[in-house]
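Structural overview for review
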Amino acid sequence: MPEKLLDHIKGVLSPLGDSAIVIAFGNEMNADIHKKIKIFMNMLEEEPFIGFIECVPAFTNLTVYYNSLMIYNEQKKKSKDELVSPYEVVRTIIEKKLQHVKKDEDLAQRTVTIPVCYGGEFGPDLEHVARFNHLTTDEVIHIHSNGEYLAYMIGFAPGFPFLGGLSEKIATPRRPSPRMSIPKGAVGIAGMQTGVYPISTPGGWQLIGQTPSRLFLPNESPPTLLQAGDKVKFIPITSIEYKEMALKEELK
């Protein structure tokens, strides 16, 4: 790549089927790579090309979905020369856009606070996480609730946030076998990540608490409380506060 472009965002492009392209920005999960993904995603959403459908961010890449037929028909209207594949058209567009996005651009971030009732019936694996890390349950709660987390991606279940930034002091492997049913709002740990189950679903994360907040909002736009790029903070609440907040959520 020319020297004058070294300050620009770079990505490795590859096709995904006949209507999507994957832009890989790196090969490890970190905040710098995530920032590049978000900056370029914002640019595409603010300045979409003809045929653009949506962007889906992941830990190290961004998948761009497009309407192949729309792009093909647009080519036919503009040129009588031999047509190229919609993928090549989108690839060329993305390569040009990448050259005009600076990786040091400002990135606006929301901070979302999520209340959590830790331990007991709400966090059946809290004691295991404490024993595994040679800590007390209070120390686990203190460490977890004093962290600041980055939502790298939303997936697995609608609204499920994969949150990075967990302290190594409380990192704990997944359960050897998953539970068949985890309650909505359960807060879990898996390795160096933490997350919140937005709906009742099977899962293998270590459950340390539960939130009364709703993460999946099917009647709203967007339909999820959290978006990739959000910062997340957890605040401890009592079981009484949990029940009061849960009742208010049900009445909404």
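All figures in this text were calculated on a predicted structure; none of them were measured in a lab. (Residues numbered from 1 in each chain as written. Predicted model: local features only at pLDDT ≥ 70, side-chain atom pairs only at ≥ 80, totals over all residues. Heavy atoms only, no water.)

Attention now goes to the nonpolar core. Judged by nonpolar contacts, the single largest core of 24 residues is most densely connected at Phe40, Leu62, Val64 and Ile94. Looking at this core, the elements that each hand over two or more residues are β2 (20-24), α1 (31-46), β3 (52-57), β4 (61-66) and α3 (86-98). With seven residues, the top contributor of residues to this core is α1. Excluding anything up to four places from it in sequence, Leu62 contacts Ile21, Val22, Ile23, Phe25, Ile37, Phe40, Met41, Leu44, Cys55, Val56 and Pro57. By size, the runner-up hydrophobic cluster in this structure holds 23 residues, among which are Val187, Val196, Ile208 and Leu226. (Core = buried A, V, L, I, M, F, W, Y, C linked by side-chain atoms within 4.5 Å. Buried < 20%, exposed > 50% of the residue type's maximum accessible area, 1.4 Å probe, protein only. Helix = DSSP H or I, 4+ residues; strand = E, 2+ residues; numbered from the N terminus. Contact = heavy atoms within 4.5 Å.)

This part is about the packing of aromatic side chains. Pairs of aromatic rings are described using the distance from one ring centre to the other and the angle between the two planes. Inspection of the entire model under this criterion finds twelve aromatic pairs. With a centroid separation of 5.6 Å and an interplanar angle of 75°, the aromatic rings of Phe49 and Phe52 are classed as edge-to-face. The exposure class of Phe49 is buried, given its relative accessible area of 9%. The class of Phe52 is buried, set by a relative accessible area of 17%. Plain terms: the ring middles of Phe162 and Trp205 are 6.0 Å apart, the flat faces sit at 65° to each other, and that makes the pair edge-to-face. Within this pair, whereas Phe162 is found in strand β7 (residues 161-164), its partner Trp205 is found in the loop between β11 (201-203) and β12 (206-210), the two being separated by 43 residues in sequence. Here Phe162 falls in the buried class, since its relative accessible area comes to 14%. Among the residues examined, Trp205 registers a relative accessible area of 4% and is labelled buried. (Phe/Tyr/Trp six-rings, centres within 6.5 Å; stacked < 30°, edge-to-face > 60°.)

All right, on to the environment of Gly188 then. Positionally, Gly188 belongs in strand β9 (residues 186-190). Given the relative accessible area of 0%, Gly188 is considered buried. Sequence spacing of Gly188 and Trp205 is 17 residues, and the spatial spacing of their C-alpha atoms is 5.3 Å. Residues contacting Gly188, with those up to four places away along its chain left out, are Gln193, Thr194, Gly195, Trp205, Gln206 and Leu207.

These results come straight from atomic positions and should not be treated as a statement about function.
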